[in-house]
Amino acid sequence: MNNHEKINQLLPFYSNQQLEENQIQEVETHLKTCAICQEDLKLWQDIEQSIHVENQRDTPSLSPQVFAHITTKINTQNSIQEKTIQFIQLFKAQFKLIKKEIWQASFLILFIGFMITILIESEPFFYAIAPLVSAASLSILYNRQNDPAFELTLSTPVSQMQILLIRLFIVFSYNLALVFLYSASLSLIYSAKIVTPLLYGWLAPMTFLSILAMTISIILNSEYAIFISYSVWLSKYIFNIAEINHLFSDLSQIIKHFWDSPQLIFSAAAIFLIIFLVFSKKGLGKKLSVSQTIAF
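Residues numbered from 1 in each chain as written. Predicted model: local features only at pLDDT ≥ 70, side-chain atom pairs only at ≥ 80, totals over all residues. Heavy atoms only, no water.

**Observations concerning the overall build of the protein**
- A count of helices and strands for the protein gives 15 helices and zero strands.
- A total of 296 residues make up the protein; the buried ones form 38% of that total.
- Restricting to contacts in the protein with at least 6 residues of sequence separation, those with at least 24 account for 70%. (Helix = DSSP H or I, 4+ residues; strand = E, 2+ residues; numbered from the N terminus. Buried < 20%, exposed > 50% of the residue type's maximum accessible area, 1.4 Å probe, protein only. Contact = heavy atoms within 4.5 Å.)

Shown next as structure tokens:
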């Protein structure tokens, strides 16, 4: 229970002057900066006043206005403001809990790829490694064999799907910003258009491989996620080899058509996102409950 919830539960006792001195000071300090608790305190004071008035009349009933206010408060439970605050707090917490190595590794690998691209003067090289960096970082966002930060967060009333989606959004956005920055720099150096490489070169594949890696990591583990996502991406280049293309001409055409169509790539990403959402809501919860039972 955080401090806000603790103070909020003390408000009816504060209104009725049933707290100890140290609790009174704690409540009053919190009230100075919390508009939500100020509103709730006013509600409890109104209730107390209404009860006091009605008791004097020997009619133990609340006024319709106060009763409606109480009913609305109970049914609503959490206001939009409270939910927004909770989301921001969860977002900040997950940003801190994500493995710090991801930030440095993604930046360093992309920077090395950027420098090699300039040295060999081959812009496609950078677009070949960019999706792999994102897939690798997202595949290790959750490792159920060793993720104490995730287990700690699950001890709070937050769904694992919400946690994983927030992690996915944070890391994918970070990688997207990095790749866009390097891609823009390459476009300036080579005076090339950025829109076509952006769409065909890495945006669609990066989205697909990232979601694929994240999905496999929660179904199997991080090692399988990296291996499978890398293998899928390498198929784009392996089946372009003349000998392999000749042996598997039909399969080569299918794979080439897939990687040349951003619409198909984004559609595949959407399918794996659905699988990710379903499994993180059902399958992952069962696995966690089993592992926690065994641990106890």
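Back to the text.
**Concerning the confidence of the model for the protein**
- Confidence in the prediction for the protein averages 75 pLDDT; 71% of positions are at 70 or higher.
- Predicted confidence for residues 286–296 stays below pLDDT 50, and this span has nine contacts to residues more than four positions away or in other chains. (pLDDT = per-residue confidence, 0-100.)

**As for the packing of aromatic side chains**
- Per the counting criterion, the structure on display carries 12 aromatic pairs.
- Taken together, a centroid distance of 6.3 Å and an interplanar angle of 5 degrees make the contact between Phe 107 and Phe 111 stacked. Of this pair, Phe 107 and Phe 111 both sit in helix α6 (residues 101–120), four residues apart, which is roughly one turn of the helix.
- Classification of Phe 107 as partly exposed rests on a relative accessible area of 41%.
- Between Phe 126 and Tyr 182, the aromatic rings sit 5.8 Å apart at their centres with planes inclined by 70 degrees, giving edge-to-face as the arrangement. (Phe/Tyr/Trp six-rings, centres within 6.5 Å; stacked < 30°, edge-to-face > 60°.)

**Brief notes about the nonpolar core**
- Ranked by size, the top nonpolar core spans 28 residues in total, and within it Ile 98, Leu 110, Phe 126, Leu 141, Val 171 and Val 179 carry the most contacts.
- At the level of elements, α6, α7 (123–139), α9 (160–190), α10 (195–219) and α14 (262–281) are the ones that each hand at least two residues to this core.
- Ranked by residue count, the leading element in this core is α9, at 10 residues.
- The contacts of Leu 110, once residues within four sequence positions are left out, are Phe 126, Ala 130, Val 133, Leu 178, Val 179 and Tyr 182. (Core = buried A, V, L, I, M, F, W, Y, C linked by side-chain atoms within 4.5 Å.)

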